[in-house]
Amino acid sequence: MLRDPLPTPRSLGPNDPVSASRRTWLGGVAALALLPSGARAQGTKTPPPSAPPSAPAPATDGPARTLSAAPNTLRLKPEPAVPTPVWSFDGKAPPPVVRVRRGETARLKVENRTDKPLSLHWHGVRNQNPMDGVGGVTQAPIAPGTEFTYAFVPPDAGTFLIRPLVVGGSSEPSGRGLAGALVVEETTPPAVDQDLTLLMQDWRLDDADALLPFGQRAFAASSGRLGSLVTLNGVPVPAPITARPGSRLRLRLGNVCNARATRIRFDGVKVYVLAVDGQPTDTFEPLRATLPFPPGTRYDLMLDMPTEAGTTGAITALIGNGIALATLGLTAEAAAPPRPPITKIGDNPLLPAEVKLQNAVRRDITLTGGARIDKDKPASEPSYTGDPTRIWAVNGAPGTAGMAPLFSVKRGQVVVLAIRNETAFPQSLHLHGHAFRLLHPLDDGWEPYWLDTFQLLEGRTARIAFKADNPGRWLISATVLERFDTGLWTLFEVT
């Protein structure tokens, strides 16, 4: 079980190692070395699917669950520190976890009781375009004092995120605390003793323990709004997790920070990755027991707790000297009976077994803008003096409401994007409405997991491939929300 006492929080300095650091990321242009090199898959060797894809049949609509976004307070530090004014859903500190079964309709009525426009993006869901939740593109933002009902059938089982996403206005609702998870359960989920969703957030506080003002150009033009205090499910870290000896846990990890990218390490326990960004993969142990964790990323993990009394473990974010996000401890119960070995949770038959690149539509995408670092003074702070609303650009143009698609393709066409990062910072990017393969440099294969979010190092180019099988206008967007708000996104159209 996940307990929620209030431990003494670990505060971060404003300049603790962050996503801008080259040293934070290892393993290639896209910072996604999850597997030992011998375990990498070649796309040309993927076996054919055992059955043709079929979408889930819509279930009978039930009543909508209400998510009421409103001002609240949250005690982020022990007394005598005062509670911090935040925004939350339904008056509760932990971000909500919405659970549906694959094939069921997710119906959520969002009430906006804040003073800013709002819309909710279902990050990673290959959604119907009007339900993607991008205010100013796929819907009109939900004005203060009004409501909007999202209703859609998620095609895939998996772990997805709920993130505010409004053109020009995403950072503040997220930085004030609005976030959550959507868990779509498999028709036959694997047997576990606990299924826990763990969402990492951070908060940028001032000396009075209030949230630092929003809209600061220095943040938007560089690494984004990096928090000074980390929470897990609304609780200052480390959050304690206790379980019966020998019990099997499924952990669903998600990064809903505004900007903080890190790596996470698993200490004292052996974990297996079941799914990346919600999509199942062949089960594997993370390379060096660590995983890259930029904003928007999700992992489904499984582990068996130790049986020896007194054994402990931890999930650690590699920030500074390391910050424990959660501790893993044993109860005094007798050990659980042994379970069969951990195995994969199955394939997703709705995704192609092979992405055929021969006749793909190929487009080049270049990311520019942001602060620059003086090469003669590498220790100096990055500087930016341009338009504060148009800091970033994709192929020379900042993302704006009403913009024309960067390109258009017919439904069913394979698309290969060569994305070049010419900024001074790593960039975390999200492909809306689709899942993609990260290609090897020579287009001779791909990494053996599907993604919808990845981080591209500065000065590098990565190629991604996907089947454009979802009609509508879809974004390619920064997951660092201050960058999204100031132009780092574009869109394409599937007809």
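Residues numbered from 1 in each chain as written. Predicted model: local features only at pLDDT ≥ 70, side-chain atom pairs only at ≥ 80, totals over all residues. Heavy atoms only, no water.

A. Highlighting the overall build of the chain. Secondary structure assignment for the chain yields three helices and 30 strands. Taken over 495 residues, the chain has a buried fraction of 57%. Across the chain, the fraction of contacts at a sequence separation of at least 24, relative to all contacts at a separation of at least 6, is 80%. For the chain, the exposed surface amounts to about 19400 Å²; the carbon and sulfur share of it is 53%. (Helix = DSSP H or I, 4+ residues; strand = E, 2+ residues; numbered from the N terminus. Buried < 20%, exposed > 50% of the residue type's maximum accessible area, 1.4 Å probe, protein only. Contact = heavy atoms within 4.5 Å. Areas by Shrake-Rupley, 256 points an atom, 1.4 Å probe, with all protein chains shown as cover.)

B. Looking closely at the nonpolar core. Leu 251, Leu 253, Phe 266, Leu 417, Ile 419 and Phe 454 are the most contacted members of the largest nonpolar core, which totals 69 residues. In this structure, Phe 89, Val 100, Phe 152 and Phe 160 belong to the second largest nonpolar core, which totals 23 residues. (Core = buried A, V, L, I, M, F, W, Y, C linked by side-chain atoms within 4.5 Å.)

C. The packing of aromatic side chains, seen in detail. A complete count under the given rule lists nine aromatic pairs for this structure. Measuring from ring centre to ring centre gives 6.4 Å for Trp 392 and Phe 425, while their planes differ by 75 degrees; the resulting arrangement is edge-to-face. Linking Trp 392 in strand 22 (residues 392-394) with Phe 425 in the loop between strand 24 (413-421) and strand 25 (427-431), this pair joins segments that are 33 residues apart in sequence. Exposure class is identical for Trp 392 and Phe 425. Each is buried. Three or more aromatic residues link up through ring pairs in this structure, and these residues are Trp 122, Phe 148, Tyr 150 and Phe 152. Across the ring face of Phe 214, the terminal group of Arg 225 is positioned such that the distance to the ring centre comes to 3.8 Å. (Phe/Tyr/Trp six-rings, centres within 6.5 Å; stacked < 30°, edge-to-face > 60°. Lys NZ or Arg CZ within 6 Å of the ring centre and 35° of its normal.)

D. Looking closely at the sheet that holds strand 15 (residues 271-276). Here seven strands make up an open sheet; going across it, the order is 11-10-9-13-18-15-16 and the pairing mixed. Sheet topology places strand 11 (235-236) and strand 16 (279-284) at the edges, where each strand pairs with a single neighbour. Where strand 9 (residues 194-203) meets strand 10 (residues 229-232), four bridges bridge the pair, whose relative direction is antiparallel. The partner of Asp 202 across the bridge, within strand 10, is Val 230. (Pairing = 2+ DSSP bridges.)

E. Just the side chain of Thr 490, in detail. Relative to the helices and strands, Thr 490 resides in strand 30 (residues 489-494). When its relative accessible area of 3% is taken as the criterion, Thr 490 is described as buried. Setting aside residues up to four positions removed in sequence, Thr 490 forms contacts with Val 394, Met 403, Leu 406, Trp 474, Leu 475 and Ile 476.

F. Representation of the sheet that holds strand 5 (residues 120-123) in the model. Across the sheet, four strands lie side by side as 3-8-7-5; this open sheet has mixed pairing. Where the open sheet ends on each side, the last strands, each with one partner, are strand 3 (97-101) and strand 5. Taken over all neighbouring pairs, the strand axes of this sheet differ in orientation by 20 degrees on average, direction set aside. Of the strand pairs in this sheet, strand 5 and strand 7 (residues 158-164) are connected by four bridges, and their pairing is antiparallel. Within strand 7, the position partnered with Leu 120 by the bridge is Pro 164. (Axes fitted to C-alpha atoms, helices over the stretch in contact; angles between N-to-C directions.)

G. Representation of the environment of Ile 264. With respect to the helices, strands and loops of the structure, Ile 264 is situated in strand 14 (residues 262-267). As for Ile 264 and Ala 289, which are separated by 25 residues in sequence, their C-alpha atoms are 8.3 Å apart. Excluding residues within four positions of it along the chain, Ile 264 makes contact with Leu 253, Ala 289, Thr 290, Leu 291, Phe 293, Tyr 299, Thr 316, Ala 317 and Leu 325.

H. Structural context of the pairing of strand 24. Counting buried positions along strand 24 yields seven of nine residues, so the element is predominantly enclosed. Relative to strand 24, strand 21 (residues 361-369) is paired through seven bridges, and the arrangement is parallel. Bridge pairing in strand 24 places Arg 362 opposite Val 416. Sheet topology places strand 24 next to strand 28 (residues 461-468); eight bridges connect them, and they run antiparallel. Counted as the bridge partner of Arg 420 is Thr 461 from strand 28.

I. Structural view of the pattern of salt bridges. For the coordinates displayed, the defined rule picks out 24 salt bridges. Arg 99 is the salt-bridge partner of Asp 195, the closest N and O atoms lying 3.2 Å from each other. Here the residue Asp 195 occupies a position in strand 9, and Arg 99 occupies one in strand 3, the gap between them amounting to 96 residues. On the basis of relative accessible area, Asp 195 is assigned to the partly exposed category, the value being 28%. Relative accessible area serves as the criterion here: at 35%, Arg 99 is assigned to the partly exposed category. Glu 111 is the partner of Arg 113 in a salt bridge, and the nearest nitrogen-oxygen pair spans 3.7 Å. Here the residues in one salt-bridge network are Arg 99, Arg 101, Glu 185, Glu 186, Asp 195, Arg 250, Arg 252 and Asp 300, joined through shared partners. (Salt bridge = Lys/Arg side-chain N within 4 Å of Asp/Glu carboxyl O.)

J. Structural view of the pairing of strand 4 (residues 106-112). Most of strand 4 is tucked away, with five of its seven residues classed as buried. Note that strand 1 (residues 65-74) and strand 4 share five bridges and pair parallel. Bridged to Ala 69 within strand 4 is Asn 112. Bridge analysis of strand 4 against strand 6 (residues 147-152) gives six bridges, and the strand direction is antiparallel. Bridging from a neighbouring strand, Arg 107 pairs with Ala 151 of strand 6.

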